[in-house]
Amino acid sequence: MNTKISTSLKLICLLVLLKCKSLDPVSYEPPTKPEKLGVYAENSHLQSAKILAEGKVNGLESLDLDENGFLYGGDKDGNIIKVSPSGVVEKITNTGGRPLGIQFDSQKNLIIADAYKGLLSLSPDGKLTVLVSEFKGVPFKFTDDLDISKEGKIYFSDASIYEQREYLFDLLEARPHGRVFVYDPKTKTTELLLENLYFANGIALSKNEDYLLVNETYRYRISRYWLKGNKKGTREVFIDNLPGFPDNITTNTKGEFYVALFTVRNDRMDKMHPSPFLKSMTSKLPKFLWPKPEPYGYVLKLNENGVPVASWQDPGGNKLKEITSAIEKNGFIYMGSLYNDRIGILDLNSTSK
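- The name given to the protein chain in an unreviewed UniProt entry is SMP-30/gluconolactonase/LRE family protein, and the organism recorded there is Leptospira ognonensis.
- Looking at the Sequence similarities (unreviewed entry) heading of the UniProt record, one finds this comment for the protein chain: "Belongs to the strictosidine synthase family."

If you want it as structure tokens, here you go:
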């Protein structure tokens, strides 16, 4: 009987390997992760956050507020959700995809980066419109995050050549598949600004809109692309060797940046990265055997020069974990998560940071 079971298991493993997606990983030598010192020192500030709509929402990856203080986000089932300050949840519409980054424009349209549908616009009267879903005839694969300029241009990321449900393949492959575009609603034209990014994720304009930041999640860094001035059209590293995986990034009225770190660095993954063979074999295994993200809540604040100035953490993720967006308005940080069932709200006056 044991021999038969062993033979069956081998056969199952062989069938899994044969049916797996074929990857072409490359070697990557991650920098030694930063020590938990200074701004990166472990703290528990997020444990004092207020929890809103617990158990009533599911995966509001990004958030924005309207003028009445209602929060909006997109969930894992494609719904655009409206949450009142008291936690009452209302489903507004369904995109038919997976809404990720969202932001209101000056006309009160809710602009949505949908991983599968492209860049969408939801009007105040509830009409859902596709703004752009392809570039030069090729559909976007993973529309991720966005930011909107004062003149209405929409900067957005196409994270990978892998779809949202397959994003971990991008991590294993370690190749630069990400891109950044700008869409002009006035001319209805789309321009490619950046390519060859390592999982192009969060997007944020500077206060003066002279540069654009984009999170390269799988390189633990943030890149800056200059839109104006002597460096216009050039790209450089804004901050490198972050203590975790940067997801979305937002700007406050002072020009500071809030970076949501999905989790802290994974030692097992960093050790695997130099070996394309190990990563290729891992990609063929069932997902439960892949490196696991550590439950951890983490928000980092940077100044205009890319220097970390504050962090808010929840080691163990007991209250908040897998944070994918953090927006600061009126002295509060509002936090969304790709997988969690709640919204976190931190009163900045309640912490020493």
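From this point, things continue past the structure.
1. Brief notes about the overall build of the protein chain
Item 1. Of the regular secondary structure elements, the protein chain holds 4 helices and 26 strands.
Item 2. Relative to the compact-globule value of 20 Å for 353 residues, the protein chain shows a C-alpha radius of gyration of 20 Å, a close match.
Item 3. Across its three principal directions, the C-alpha atoms of the protein chain cover 65 × 50 × 45 Å.
Item 4. Looking at the protein chain as a whole, 54% of its 353 residues are labelled buried.
Item 5. Counting contacts in the protein chain only where the partners sit at least 6 residues apart, residues at least 24 apart contribute 52% of the total.

2. Some words on the pairing of strand β9 (residues 128–132)
Item 1. Bridge analysis of strand β8 (residues 118–122) against β9 gives 4 bridges, and the strand direction is antiparallel. Its bridge partner lying in β9, Leu119 is registered against Val132.
Item 2. Between the antiparallel neighbours β8 and β9 lie 5 residues, among them Gly126 with a positive phi of about 95°.

3. Details of the sheet that holds strand β17 (residues 211–216)
Item 1. Ordered by their spatial adjacency, 4 strands build an open sheet running β16-β17-β18-β19, and the pairing between neighbours is antiparallel. In the strand order of this sheet, the two ends are held by β16 (200–205) and β19 (235–239), each with one partner. For this sheet the average axis-to-axis angle between neighbouring strands, irrespective of direction, equals 30°.
Item 2. For β17 and strand β18 (residues 221–226), the ladder comprises 6 bridges, and the chain directions are antiparallel. Within β18, the residue paired with Tyr211 across the bridge is Trp226.

4. Some remarks on empty space enclosed by the protein
Item 1. Under the defined criterion, the tally for this structure stands at 1 cavity of 30 Å³ or more.
Item 2. Estimated volume of the largest cavity: approximately 30 Å³.
Item 3. Lining the largest cavity are Leu320, Lys321, Ile323, Met335, Gly336, Ser337, Asn340, Arg342 and Gly344.
Item 4. Ranked by the residues each element gives to the lining of the largest cavity, the list is headed by strand β25 (residues 332–337), at 3 residues.
Item 5. The residue makeup of the lining of the largest cavity, split by class, is 3 nonpolar, 4 polar and 2 charged.

5. With respect to helix α4 (residues 276–283)
Item 1. When α4 is considered as a whole, its buried residues turn out to be Lys279, Ser280, Thr282 and Ser283. Across the axial projection of α4, the buried residues extend over an arc of 160°, all falling on one side.

6. Some words on the pattern of salt bridges
Item 1. Here the structure, examined in full by the defined rule, presents 18 salt bridges.
Item 2. In this structure, the salt-bridge partner of Lys150 is Glu209, at a minimum N-O distance of 3.6 Å. Here Glu209 lies in the loop between β16 and β17 and Lys150 lies in the loop between β12 (143–148) and β13 (154–158), a separation of 59 residues in the sequence.
Item 3. Look at Glu209 and you get buried, because its relative accessible area is 15%.
Item 4. The salt bridge involving Arg165 is made with Glu163; its shortest N-O contact spans 2.5 Å.

7. Considering a nonpolar patch on the surface
Item 1. Taken together, the side chains of Phe277, Leu278 and Met281 define a hydrophobic patch exposed on the protein surface, amounting to about 300 Å² of accessible area.
Item 2. Positionally, Leu278 belongs in helix α4.
Item 3. Leu278 gets classed as partly exposed once you look at its relative accessible area, which sits at 42%.

8. Quick word on unusual backbone geometry
Most peptide bonds are trans, and most residues other than glycine sit at a negative phi.
Item 1. One non-glycine residue, Asn196, lies in the positive phi region at around 60°.
Item 2. Tracing the backbone through its elements, the reader meets Asn196 in strand β15 (residues 189–197).
Item 3. According to the relative accessible area criterion, Asn196 is partly exposed, its value standing at 46%.
Item 4. Residue Asn330 is not a glycine yet carries a positive backbone phi of 55°.
Item 5. In this fold, Asn330 is placed in the loop between β24 (323–329) and β25.

9. A look at the nonpolar core
Item 1. Ile222, Phe238, Phe257 and Leu302 are the most contacted members of the largest nonpolar core, which has 39 residues in total.
Item 2. For this core, the leading source of residues is strand β21 (residues 257–264), giving 5 residues.

10. So, the side chain of Thr263
Item 1. Looking at where Thr263 falls in the secondary structure, it is placed in strand β21.
Item 2. Note on Thr263: relative accessible area 3%, which makes it buried.
Item 3. At 2.5 Å, the side chain of Thr263 and the backbone oxygen of Glu294 are in polar contact.

So, how was this worked out
Residues numbered from 1 in each chain as written. Predicted model: local features only at pLDDT ≥ 70, side-chain atom pairs only at ≥ 80, totals over all residues. Heavy atoms only, no water. UniProt positions renumbered as here; feature names shortened; annotations may be inferred. Helix = DSSP H or I, 4+ residues; strand = E, 2+ residues; numbered from the N terminus. Rg over C-alpha atoms; globule rule 2.2 N^0.38 Å. Buried < 20%, exposed > 50% of the residue type's maximum accessible area, 1.4 Å probe, protein only. Contact = heavy atoms within 4.5 Å. Pairing = 2+ DSSP bridges. Axes fitted to C-alpha atoms, helices over the stretch in contact; angles between N-to-C directions. 1 Å grid on protein atoms, 1.4 Å probe; cavity = no way out; pocket = protein on both sides within 12 Å on 5 of 7 lines; lining within 4 Å. Points joined across faces, edges and corners; volume = space filled by probe spheres on them. Nonpolar A, V, L, I, M, F, W, Y, C, P; charged D, E, K, R; others polar. Arc of directions from axis to C-beta. Salt bridge = Lys/Arg side-chain N within 4 Å of Asp/Glu carboxyl O. Patch = residues over 30% accessible without salt bridge, like charges linked within 9 Å, V, L, I, M, F, W, Y side chains within 5 Å. Areas by Shrake-Rupley, 256 points an atom, 1.4 Å probe, with all protein chains shown as cover. Core = buried A, V, L, I, M, F, W, Y, C linked by side-chain atoms within 4.5 Å. Polar contact = N/O pair within 3.5 Å; in protein donor to acceptor, adjacent residues only side chain to side chain.

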